Each structure stands twice: as C-alpha cells, then as structure tokens.
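Close look at the chain arrangement
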Amino acid sequence: MNKAILTEPVFREGVRVLEKRDAHMADVVRNFGPPPLWVREPGFPTLVYIVLEQQVSLSSAKAAFDRLKSAVRPLTPARFLKLTESELLRIGFSRQKTMYTRLLAESLSRRCFDLRDLHDLQDDAARKMLVAFKGIGKWTADIYLLSALRRPDIWPTGDLALATAVQEVKRLRQRPSPEHLEKMSTPWRPWRAVAARLFWHHYLSKRGQRTSEISL
C-alpha cells in the first residue's frame, strides 16, 4: 500500500477502519463528523506553499502565498526566479525561505529534478529525494507526500498541531514528542495519514474553525 493514493472512497474506508480500531478516533467522528480529505495539487506551487508554512500560522502562510500567486501568473519555477529578493521579502518570504525556494526553483527550471518523479517512488525514497534540498526537512516532505501525493501511511511526527491534537484526543498529560508519536502510531498503520486528518479535524473543530474551508 506504500504507493496507493487516498481517493475519497479509499479515505472513507480508512476512516471506518480507524473508528473500529480506536475508540478515541470514533469519538472525533461522533463529535465533529468525518474529516475532509484535504488534498493539494502536486507541483512546485504547493511545495513553495508548504515551505511558507514552516514555523508560522496557516493564515499568515496563506496570505503570503496569495500575494505570491497574484505577483506571478502562472507560478512556475522560471517565473518565480524573476522575482527579486526584495520583492519576495515584501510578499512575505524570510531571507531563509527566499534562499530555499530559489534553490528549488533553480533545480526544477534546469531540469536537474522533476517533482513528477516522486509519484513512482516508495514513501521513504520520495521523502529522501525531497529532503536532499536545503530547507526541505522531514516535516515539509511529509506534508507534501500526505496532501499532494495523497499517500495513506504518512505520519508527520514533527507537526505541532498534530501532537497537540493527539494529546487532547488521547487525554495525555503532556504533548507527545515526535518519538512518542511514532511509537503511538503503530496500531494505525497503514492508515496513518487518515489518522492525522482525524486528529487535525479535532484540533481545528475544537478551536471553532470550519474544517471544510481549510486546506492543509
């Protein structure tokens, strides 16, 4: 199941499996309804968007990405590279994120790397190829694999909202570390990306956000 894709029917099946397997996840569905699938379009724009989301709020990342889309149409690596550093800073890129996304755009525009190649790779190999880029760590790679490639068993242990949601749903005394999250996730294989969406659904719903209107 490593290269399977979460379509809506497959996703619903995964939710049903986890409801039967885990009483706390069943509570999430009972309290808030089933979670959205939350998918993104594979490609350069989505990967830039995820880089923008690193260590900032979803709302501020979305605002910056919306400004970027308005400035560059269509948003291709070659067109992105025409933006100056000062223009990117005004859009909302930090100097570090400017460097990271420029390096990615240069590699893609020179055809040193093709994001479409990831579709044919197993999860670990695809992650390894992504994290080879400066500024793309495990969290960024995992979110891309989970939301853009729709892999069913990706479990982003570095995600703070996920850890907080797991603490709340599982009624833990403290927020689990990435290592603890990894150990806890074993019973949810091979549906851990479905489990992540269930936990995020709880996290957002509890905070009064309409999850159907949010893209991860």
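Okay, so let's go over this structure. Note that the structure is a prediction, hence the values are computed from the model and not measured. Residue numbers here run from 1 along each chain, matching the order of that chain's written sequence. Owing to the predicted nature of the model, reporting of local features is limited to residues with pLDDT of at least 70; listing and counting of side-chain atom pairs is limited to 80 or more, with chain, interface and lining totals taken over all residues. With hydrogens and water stripped out, all remaining heavy atoms of the structure feed into the side-chain values.

**Considerations on the nonpolar core**
One broad trend across soluble globular proteins is that nonpolar side chains are buried collectively. As a reminder, the rule being used: We call a set of buried Ala, Val, Leu, Ile, Met, Phe, Trp, Tyr and Cys residues a nonpolar core when their side-chain atoms join them within 4.5 Å. Partly exposed residues are those whose accessible area sits between 20% and 50% of the maximum for their type, while under 20% is buried and over 50% is exposed, using a 1.4 Å probe and protein chains only. Numbering of helices and strands runs from the N terminus, with a helix taken as a DSSP run of H or I at least four residues long and a strand as a DSSP run of E at least two residues long. Residue contacts follow a heavy-atom distance rule, with two residues in contact if any of their heavy atoms lie within 4.5 Å.
In terms of nonpolar packing, the biggest core is built from 62 residues, with L68 and F199 touching the most fellow members. The leading source of residues in this core is helix α12 (residues 192-206), at eight residues. Those residues in contact with F199 that lie beyond four places of it in its chain are M25, W155, L162, A165, V166, V169 and W188.

**Concerning the packing of helix α3 (residues 44-53) against helix α9 (residues 138-147)**
Working note: a packed helix pair is described by the angle between its axes plus the distance between those axes. Note the threshold: Here, axes are lines fitted to C-alpha atoms. For helices the fit covers the stretch in contact, and angles between N-to-C directions go from 0 to 180 degrees. Each angle gets one of four labels, with under 35 degrees taken as roughly parallel, over 145 as roughly antiparallel, 65 to 115 as roughly perpendicular, and the rest as oblique. Left-handed describes a crossing whose near helix is turned anticlockwise from the far helix through less than a right angle; right-handed describes the clockwise counterpart. The residue classification treats Ala, Val, Leu, Ile, Met, Phe, Trp, Tyr, Cys and Pro as nonpolar and Asp, Glu, Lys and Arg as charged. All others, Gly included, are polar.
Contact geometry for α3 and α9: axes closest at 10 Å, N-to-C directions at 135 degrees. Taken together, the axes of α3 and α9 lie oblique to each other. Handedness of the α3/α9 crossing: right-handed. Every residue of α9 that contacts α3 at T46, L47, I50, V51 and E53 is listed here: W139, T140, I143, Y144 and S147. Classifying every residue of the contact of α3 with α9 gives six nonpolar, three polar and one charged.

**Some details on the environment of R127**
Among the secondary structure elements, R127 is positioned in helix α8 (residues 123-131). Of the residues examined, R127 reaches a relative accessible area of 17% and is grouped as buried. For the pair R127 and E168, spaced 41 residues apart in the sequence, the C-alpha separation amounts to 29 Å. Sequence-distant contacts of R127, defined by excluding residues within four places in its chain, comprise K138, A141, D142, L145 and I154.

**Some points on the packing of aromatic side chains**
Filter applied, for reference: Aromatic rings from Phe, Tyr and Trp, taking only the six-membered ring of Trp, are treated as a pair when their centres fall within 6.5 Å; an angle between ring planes under 30 degrees marks them as stacked, one over 60 as edge-to-face, and anything in between as tilted. For a ring to carry a charge above it, either NZ of a lysine or CZ of an arginine must fall within 6 Å of the ring centroid while also lying within 35 degrees of the normal to the ring plane.
According to the stated counting rule, one finds seven aromatic pairs in the structure shown. Ring centres 5.4 Å apart and planes at 65 degrees place the aromatic pair W155 and W188 in the edge-to-face group. One end of the pair, W155, is in the loop between α9 and α10 (160-169); the other, W188, is in the loop between α11 (178-184) and α12, with 33 residues separating them in the sequence. Residue W155 is classed as buried on the basis of its relative accessible area, which comes to 3%. The class of W188 is buried, set by a relative accessible area of 3%. In textbook terms, an aromatic cluster arises when at least three aromatic residues are bridged by ring pairs, as seen for F44, F80 and F93. Across the ring face of Y203, the terminal group of R207 is positioned such that the distance to the ring centre comes to 3.8 Å.

**Here we look at the layout of surface pockets**
For the record, the criterion: A 1.4 Å probe that fits into a set of points on a 1 Å grid over the protein atoms alone but cannot get out defines a cavity; an open set with protein on both sides within 12 Å along at least five of seven lines defines a pocket, and lining residues are those with an atom within 4 Å of a point. Grid points are joined across faces, edges and corners, and a volume is the space filled by probe spheres set on the points.
Put simply, the second largest pocket is a space of about 240 Å³. Taken together, P42, G43, F44, P77, L108, R111, F113, D114, L115, R116, H119 and Y144 form the lining of the second largest pocket. Each residue belonging to the lining of the second largest pocket can be placed in one class, and the counts come to seven nonpolar, two polar and three charged.

**Quick look at α3**
An α-helical turn contains 3.6 residues, so a residue and the one three or four places further along point in the same direction. For α3, the buried fraction is high: nine of the 10 residues fall into the buried class. Considering only its buried residues, α3 is in contact with α4 (58-71), α5 (77-80), α7 (95-109), α8 and α9. Phi turns positive one or two residues past the end of α3, at Q55, with a value near 60 degrees.

**A few points about unusual backbone geometry**
With an omega of -10 degrees, the peptide bond running from R73 to P74 counts as cis. Of note, P74 is situated in the loop between α4 and α5. Across the junction of R189 and P190, the peptide omega takes the value 0 degrees, indicating a cis bond. Within the element layout of this structure, P190 appears in the loop between α11 and α12. Of note, Q55 is a non-glycine position whose phi angle comes to about 60 degrees, a positive value. In the Ramachandran plot, R171 falls in the positive-phi region, its phi being about 55 degrees despite a non-glycine side chain. In this fold, R171 is placed in the loop between α10 and α11. Using a relative accessible area of 64% as the deciding quantity, one classes R171 as exposed.

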